[in-house]
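Reading the structure
Residue-level listing of the chains:
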Amino acid sequence: MVSDEIQRDYAPTGKLRVALNHGNRVLVGRASDGAPAGISVDLARALAEVLRLEPVFVEYDRAGDVSASAQADQWDVCFLAVDPKRAEVIAFTEPYVRIEGSYLVPAGSAAQTSEDVISRKLRVGTVEGSAYTLHLARQPGADCLVYKPSFQEALAAFDAGEIDAMAGIRQAMEGEAGLRPGARVLDPPFMEIRQAMGMPAGRPRAAAHLQRFVADMARSGGVGDILERHGVARECAILPGAS
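Residues numbered from 1 in each chain as written. Predicted model: local features only at pLDDT ≥ 70, side-chain atom pairs only at ≥ 80, totals over all residues. Heavy atoms only, no water.

Digging into the overall build of the chain
A tally of helices and strands in the chain yields nine helices and 12 strands. Here the chain has a C-alpha radius of gyration of 18 Å; the compact-globule value for 243 residues is 18 Å, and the two agree. With an accessible surface of roughly 11,000 Å², the chain has 51% of that area assigned to carbon and sulfur atoms. Taken together, the 26 basic and 32 acidic charged side chains of the chain have centroids lying 2 Å from each other. (Helix = DSSP H or I, 4+ residues; strand = E, 2+ residues; numbered from the N terminus. Rg over C-alpha atoms; globule rule 2.2 N^0.38 Å. Areas by Shrake-Rupley, 256 points an atom, 1.4 Å probe, with all protein chains shown as cover. Lys, Arg positive; Asp, Glu negative; His and termini not counted. Charge placed at Lys NZ, Arg CZ, Asp CG, Glu CD.)

In structure tokens:
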């Protein structure tokens, strides 16, 4: 049984406001009726059931919009990749799933590997505020990044030949490659994105409970079950202490 104090720490409004990042197609999508669906939604509902709170979904187009609003009292829990900059305002749990970051290149590209993208100084389109953008901005080749406000705008630049490659989540890159004859996703991935749950900093009781919730879900196989239900391999789940 969750105490009233922990409930209040989680949800000062009386409802569990859950931030959803629709920029991550692996974790968030939409059901046939347009309602939000996916891995993040299922995990949020499981948490809300434990807390005996009603979940309310607050939807965002980009991860950067979620992290930028962490101190604006718009949401209570979120699903984001762990990053040192974000951790300044968000209390993260241990990661629960691995997602790869990869490059997409067009037909005819001379790049054969991810290392070629850097050595050839290719112009790389990337979405502002995303976990992979924050990572790439700290790596060699950062001066070749071309920042775009949204995934769709980055794709438009890719199709127009304004950029030489595009960075993104591997599953999304593979989907886009399938729509463009000759386009390829390069190996190896340029990063492993470790997704966690989080909440605005300054809620210690709720943060400790959320940490236990994620660990229990991972240890019991609940995370793996949710991943499989949405077409992601169970092996992508991260067990407690393995991050």
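Moving on, there is more to tell.
Considering the packing of aromatic side chains
Enumeration according to the criterion identifies one aromatic pair in this entry. Ring centres 4.6 Å apart and planes at 40 degrees place the aromatic pair Tyr103 and Phe190 in the tilted group. In this pair, Tyr103 is assigned in strand E7 (residues 97-105) and Phe190 in the loop between strand E11 (184-185) and strand E12 (191-200), connecting sequence segments 87 residues apart. This pair shows no difference in class: Tyr103 is buried, exactly as Phe190 is. (Phe/Tyr/Trp six-rings, centres within 6.5 Å; stacked < 30°, edge-to-face > 60°. Buried < 20%, exposed > 50% of the residue type's maximum accessible area, 1.4 Å probe, protein only.)

Considerations on the layout of surface pockets
By volume, the largest pocket is sized at about 390 Å³. Elements supplying a minimum of two residues to the lining of the largest pocket: strand E1 (16-21), helix H3 (63-68), strand E5 (78-81), helix H5 (131-136), helix H6 (151-159) and E12. Partitioning the lining of the largest pocket into residue classes produces 16 nonpolar, 11 polar and five charged. (1 Å grid on protein atoms, 1.4 Å probe; cavity = no way out; pocket = protein on both sides within 12 Å on 5 of 7 lines; lining within 4 Å. Points joined across faces, edges and corners; volume = space filled by probe spheres on them. Nonpolar A, V, L, I, M, F, W, Y, C, P; charged D, E, K, R; others polar.)

Overview of the nonpolar core
One finds Tyr10, Leu16, Leu47, Tyr96 and Met166 to be the most contacted residues of the largest nonpolar core, which totals 70 residues. The element best represented in this core is helix H2 (residues 39-51), accounting for eight residues. Sequence-distant contacts of Leu47, defined by excluding residues within four places in its chain, comprise Tyr10, Leu16, Val77, Met197, His209, Leu210 and Phe213. Counting 11 residues, the second largest nonpolar core, distinct from the first, contains Ala19, Ala63, Leu80 and Ile90. (Core = buried A, V, L, I, M, F, W, Y, C linked by side-chain atoms within 4.5 Å. Contact = heavy atoms within 4.5 Å.)

Let's talk about the environment of Val127
Topologically, Val127 is positioned in strand E8 (residues 124-127). Sequence separation of Val127 and Arg30 is 97 residues, and the distance between their C-alpha atoms is 21 Å. With near-sequence residues (within four places) excluded, Val127 lies in contact with Arg62, Tyr132, Thr133, Lys148, Pro149, Ser150 and Phe151.

With respect to helix H7 (residues 170-178)
Of the residues making up H7, those classed as buried are Arg170, Ala172, Met173, Glu176 and Ala177. Seen along its axis, H7 keeps its buried residues to an arc of 160 degrees; they face one direction. At its buried positions, H7 is contacted by E7, H6, strand E10 (165-169) and E11. (Arc of directions from axis to C-beta.)

Side note on the packing of H2 against helix H8 (residues 204-220)
Between H2 and H8, whose axes approach to 11 Å, the crossing angle comes to 120 degrees. Judged by the inter-axis angle, H2 sits oblique to H8. Crossing hand, H2 versus H8: right-handed. Contacts between H2 and H8 involve Leu43, Ala46, Leu47, Val50 and Leu51 on the former and, on the latter, His209, Leu210, Phe213 and Met217. Class assignment for the residues of the contact of H2 with H8 results in eight nonpolar, one polar and no charged. (Axes fitted to C-alpha atoms, helices over the stretch in contact; angles between N-to-C directions. Parallel < 35°, antiparallel > 145°, perpendicular 65-115°, else oblique. Left-handed = near helix turned anticlockwise from the far one by under 90°.)

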